[in-house]
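Structural overview
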Amino acid sequence: MDLTALFFLTSGLLLGWSLGANDAANVFGTAVGTRMIRFTTAAAICSCFVILGAVISGAGAAGTLGELGAIDALPGSFIVALSAAVTVYLMTKSGLPVSTTQAIVGAILGWNLFSDNPTHSGLLLKILSTWLVCPLLAAGIAILLFWLVRFYLGIAKPHLLRIDAYTRLGLILAGALGAYGLGANNIANVMGVFVPSSPFTDFTIAGAIAISSTQQLFLMGSIAIAVGVITYSERVMLTIGQGLLPLTPLAAWCAVTAHSIVLILFASRGLEHFLASRGLPTIPLVPVSSSQAVVGAVIGIGLLKGGTAIRWRTLGGIGLGWILTPLVAGVFSFIGLFFMQNVFDQPVFR
Amino acid sequence: MTIWRSLRLFKRTKALEIDVDDYLDKLAQSALAFQLAVQIYLHDGRTGEFEEKLQQVNELESSADRLRRSIEAQLYSQMLIPDSRGDVLGLLENLDSIVNVIEGTLWNFSIETPDIPADIRNDFQTLTDRAILAVEALVAASRAFFRNIELVPDHMHKVMFYEKEADKVSTKLKRTIFAMDLPLSHKAHLRYFAEQIDNIADRSEDVADRLAIYTIKRKG
């Protein structure tokens with residue numbers, strides 16, 4: 001692999017770094033914010049499981065993005081990922097809620113438009129619908145979990161110290177599950193656009209373990225996520241992560257677990273096969289927003305507690321992000337592709 | 001490694017649960033021993049039996065202190081959720097202040113041997129009974145905080161009730177004392193003891209107020 005190819009991957013790595021820096025707080029924010037576990041421990045668990053999730057289960061959601069727009073030239077992939085990264089950066093700077101997922105979808109649509117590649121409208125609709133379904137599903141799962149926890153506590157009446165010990169372990173496990181889900185589901189955002197033009201080649205270790213070029217890409221992307229987690233997420237965990245603190249630790253556990261389940265549901269090929277084989281409607285394998293899953297879960301628990309916890313401003317902001325993020329990313333992508341093709345003389349599609 | 005530490009925590013949690021129960025037992029026992037000691041004093045004065053009860057309260061206070069320190073050390077070294085940890089330690093330390101007041105009051109009985117006229121001994125006994133009922137309700141509320149948080153309010157209202165009752169008895173007792181034909185120094189001495197006993201109920205109410213906040217935080 002030459003240096004140019006490596007350079008073109010940097011925009012994806014930047015996106016991965018920003019994902020790790022921001023979204024690890026959804027997974028371990030409560031545990032670190034309440035000082036239940038040290039940041040270094042959280043970062044180590046989070047990094048390991050993000051990498052495992054990405055390499056083992058990352059292909060499903062990435063495949064869907066590839067169907068939306070198979071970006072077949074590396075310079076094109078570079079611009080698409082860069083547009084998404086710049087959009088995420090600018091919107092975060094402006095204090096607007098942003099999801100990497102929505103940015104990357106907008107940027108791919110920009111590429112489709114630029115390269116005259118037809119957009120599969122059915123698939124687009126499916127992806128758009130998951131943006132709504134993801135927080136709703138997270139809310140539903142969180143409500144169910146919270147109800148079950150309450151039921152268990154009502155029946156078993158464990159000692160307060162025991163509840164705390166369980167919660168502590170539960171938050172660590174939910175965090176590990178969440179990190180796996182984040183890797184499995186969101187690696188598509190980071191490296192999905194590079195899959196059709198991957199500069200890597202497949203190889204096998206000791207003639208037994210086959211490592212595909214996609215898995216190598218995902219490993220690289222997930223290492224970038226891990227670097228984001230290690231270098232920058234502590235600050236986010238101690239600020240944004242504390243958004244979950246008004247919840248009791250038990251409610252926070254329900255929120256984090258619901259978030260993790262949703263992310264894995266939207267990335268699990270096994271579940272898709274299982275549902276399809278029984279003639280049931282399948283859950284589309286689409287990258288979804290980790291932050292919006294958490295917000296959905298927190299609102300769900302708030303509803304169960306009496307409905308006073310709904311922050312309409314937050315919901316309005318998320319709704320605005322659904323429109324604004326892909327639009328901005330799409331425009332950046334289109335302009336960026338134009339420059340890459342006509343100024344830098346690089347092919348952005350074949 | 002954190003997971004293994006958490007798993008080990010489950011074993012230690014059981015021991016910690018027993019320690020917390022033991023601590024609450026000691027608080028309840030010292031209150032009961034105080035009640036008996038005052039009863040003996042009002043009846044027979046500073047007898048050997050009274051001194052025995054004082055000794056018992058002394059030992060209970062010392063072992064409650066040791067237990068509290070050990071619980072605190074375990075909670076900090078074994079990483080309970082810091083938010084709850086602060087509340088649990090706050091509760092234990094506040095409960096400890098009640099044991100201290102109980103012990104101090106008994107020591108004052110032993111050292112100062114107040115001369116309590118026969119006319120007001122019943123009032124002193126009633127005041128003591130009300131104050132101890134407040135402590136018992138507080139111990140029950142604290143136990144519920146650890147075991148079944150939904151039941152805390154059921155005990156809490158009793159603490160408030162007995163504290164008010166103790167206040168009424170204390171006020172009545174002080175009025176009676178100052179209406180009696182006694183030297184002012186004697187009246188002041190008796191009032192001081194009435195206030196000391198009433199203080200046990202007042203402290204119980206203060207701790208109950210804090211416990212109410214801890215409960216709201218937990219249930220939030």
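The notes below deal with the structure included here. Keep in mind that what you see is a predicted model, and the values were worked out from it rather than measured.

1. With respect to the overall build of chain B
Counting its secondary structure elements, chain B contains six helices and zero strands. With respect to the three principal axes, the spread of C-alpha positions in chain B is 75 × 35 × 20 Å. When each of the 220 residues of chain B is scored for burial, the buried share is 55%. Long-range contacts, defined as pairs at least 24 residues apart, comprise 82% of the intrachain contacts of chain B with a sequence gap of at least 6. Of the roughly 10000 Å² of accessible surface on chain B, 52% is carried by carbon and sulfur atoms. Averaging the locations of the 29 positively and 36 negatively charged side chains of chain B gives two centres separated by 6 Å.

2. Let's talk about helix α4 (residues 74-93) of chain A
Residue and element names in this part refer to chain A. Along its 20 residues, α4 runs 28 Å from first to last C-alpha, staying within 8% of the 28 Å computed at 1.5 Å per residue. With respect to burial, α4 is a largely interior element, 14 of its 20 residues being buried. Looking one or two places after α4, you find Gly95, whose phi comes out positive at around 75°.

3. Things to note about the state of the cysteines
All names here are of chain A. Using the criterion set out here, one finds zero disulfides over all chains in the structure. Cys48 forms no disulfide, and the closest cysteine sulfur to it belongs to Cys46, at a distance of 9.5 Å. Classification of Cys48 as partly exposed rests on a relative accessible area of 46%.

4. What to know about the nonpolar core
Grouped burial of nonpolar side chains is what soluble globular proteins tend to show. Counting 93 residues, the largest nonpolar core has Phe28(A), Val80(A), Ile104(A), Val105(A), Val193(A) and Phe194(A) as the members making the most contacts within it. Aside from chain neighbours lying at most four places away, what touches Phe28(A) is Ile37(A), Ala42(A), Ile45(A), Cys46(A), Leu171(A), Ile172(A), Gly175(A), Ala176(A) and Met237(A). Counting residues in each nonpolar core, the second largest holds 68 residues, with Phe124(B), Ile132(B), Leu173(B) and Leu211(B) among its members.

5. Focus: the side chain of Ser290(A)
All names here are of chain A. For Ser290, the position within the fold is in helix α11 (residues 290-304). Exposure remark for Ser290: the relative accessible area of 0% places this residue in the buried category. Contact partners of Ser290, with chain neighbours within four places excluded, come to Asp23, Asn26, Leu182, Asn186, His259 and Leu263.

6. Quick notes on the environment of Arg38(A)
All names here are of chain A. The residue Arg38 is located in the loop between α1 (3-33) and α2 (39-57) in this model. You can call Arg38 exposed: its relative accessible area is 51%. Residues Arg38 and Ser115 lie 77 residues apart in sequence; the distance between their C-alpha atoms is 48 Å.

7. Brief notes about unusual backbone geometry
In this structure, Asp116(A) takes a positive phi of about 60° despite not being glycine. Inspection of the secondary structure assignment puts Asp116(A) in the loop between α5 (100-114) and α6 (121-156).

8. What about the packing of α6(A) against helix α9 (residues 249-265) of chain A?
Residues and elements named next belong to chain A. Between α6 and α9, the shortest axis-to-axis distance is 8 Å and the interhelical angle comes to 135°. Between α6 and α9, the angle falls in the class oblique. For the element pair α6 and α9, the recorded crossing hand is right-handed. Residues Cys134, Leu137, Ala138, Ile141, Ala142, Leu145, Phe146, Val149 and Leu153 of α6 form the contact with α9, whose own contacting residues are Leu250, Ala251, Trp253, Cys254, Thr257, Ala258, Ile261, Val262 and Leu265. Grouping the amino acids of the contact of α6 with α9 by side-chain chemistry returns 17 nonpolar, one polar and no charged.

9. Quick notes on the packing of helix α7 (residues 160-191) of chain A against α9(A)
Residue and element names in this part refer to chain A. Viewed as axis vectors pointing N to C, α7 and α9 meet at an angle of 25°, and their least axial separation amounts to 8 Å. Taken as axis vectors, α7 and α9 run roughly parallel relative to one another. The two elements α7 and α9 meet at a crossing, and its hand is left-handed. Residues Ile163, Thr167, Gly170, Leu171, Ala174, Gly175, Leu177, Gly178, Tyr180, Gly181, Leu182 and Asn185 of α7 lie in contact with α9, whose contacting residues are Pro249, Leu250, Ala252, Trp253, Val256, Thr257, His259, Ser260, Leu263 and Ile264. Counted by class, the contact of α7 with α9 contains 13 nonpolar, nine polar and no charged residues.

10. Overview of the side chain of Ser11(A)
Residue placement: Ser11(A) occurs in helix α1. Every residue in contact with Ser11(A), bar those within four places of it in the chain, is listed here: Ser77(A), Phe78(A), Ala81(A), Leu82(A) and Phe194(A).

11. Here's the deal with a nonpolar patch on the surface
Together, Leu113(A), Val331(A), Phe334(A), Ile335(A), Phe338(A), Phe339(A), Val343(A) and Phe344(A) make up an exposed nonpolar region whose accessible area comes to about 790 Å². By residue number, the principal contributor to the nonpolar patch is helix α12 (residues 312-342) of chain A, which donates five residues.

12. Some points on the pattern of salt bridges
Residue and element names in this part refer to chain B. Applying the stated rule across the entire model yields 19 salt bridges over all chains. A salt bridge links Asp87 to Lys217; the shortest N-O distance between them is 3.1 Å. Residue Asp87 is located in helix α3 (residues 82-112), and its partner Lys217 is located in helix α6 (residues 184-219); the two are separated by 130 residues in the primary sequence. Since its relative accessible area comes to 8%, Asp87 is described here as buried. Residue class for Lys217 comes out partly exposed when judged on its relative accessible area of 40%. Its salt-bridge partner being Asp206, residue Arg203 comes within 3.7 Å of it at the nearest N-O pair. Taken together, the residues span about one helical turn, with Arg203 and Asp206 both in helix α6 at a distance of three residues. Take Arg203: its relative accessible area is 21%, and that puts it in the partly exposed class. Several salt bridges share partner residues, and in doing so they unite Asp65, Arg68, Glu72, Glu93 and Asp96 into one network.

Scoring rules and cut-offs
Residues numbered from 1 in each chain as written. Chains lettered and ligands numbered in written order. Predicted model: local features only at pLDDT ≥ 70, side-chain atom pairs only at ≥ 80, totals over all residues. Heavy atoms only, no water. Helix = DSSP H or I, 4+ residues; strand = E, 2+ residues; numbered from the N terminus. Buried < 20%, exposed > 50% of the residue type's maximum accessible area, 1.4 Å probe, protein only. Contact = heavy atoms within 4.5 Å. Areas by Shrake-Rupley, 256 points an atom, 1.4 Å probe, with all protein chains shown as cover. Lys, Arg positive; Asp, Glu negative; His and termini not counted. Charge placed at Lys NZ, Arg CZ, Asp CG, Glu CD. Expected span 1.5 Å × (residues − 1). Disulfide = S-S within 2.5 Å. Core = buried A, V, L, I, M, F, W, Y, C linked by side-chain atoms within 4.5 Å. Axes fitted to C-alpha atoms, helices over the stretch in contact; angles between N-to-C directions. Parallel < 35°, antiparallel > 145°, perpendicular 65-115°, else oblique. Left-handed = near helix turned anticlockwise from the far one by under 90°. Nonpolar A, V, L, I, M, F, W, Y, C, P; charged D, E, K, R; others polar. Patch = residues over 30% accessible without salt bridge, like charges linked within 9 Å, V, L, I, M, F, W, Y side chains within 5 Å. Salt bridge = Lys/Arg side-chain N within 4 Å of Asp/Glu carboxyl O.

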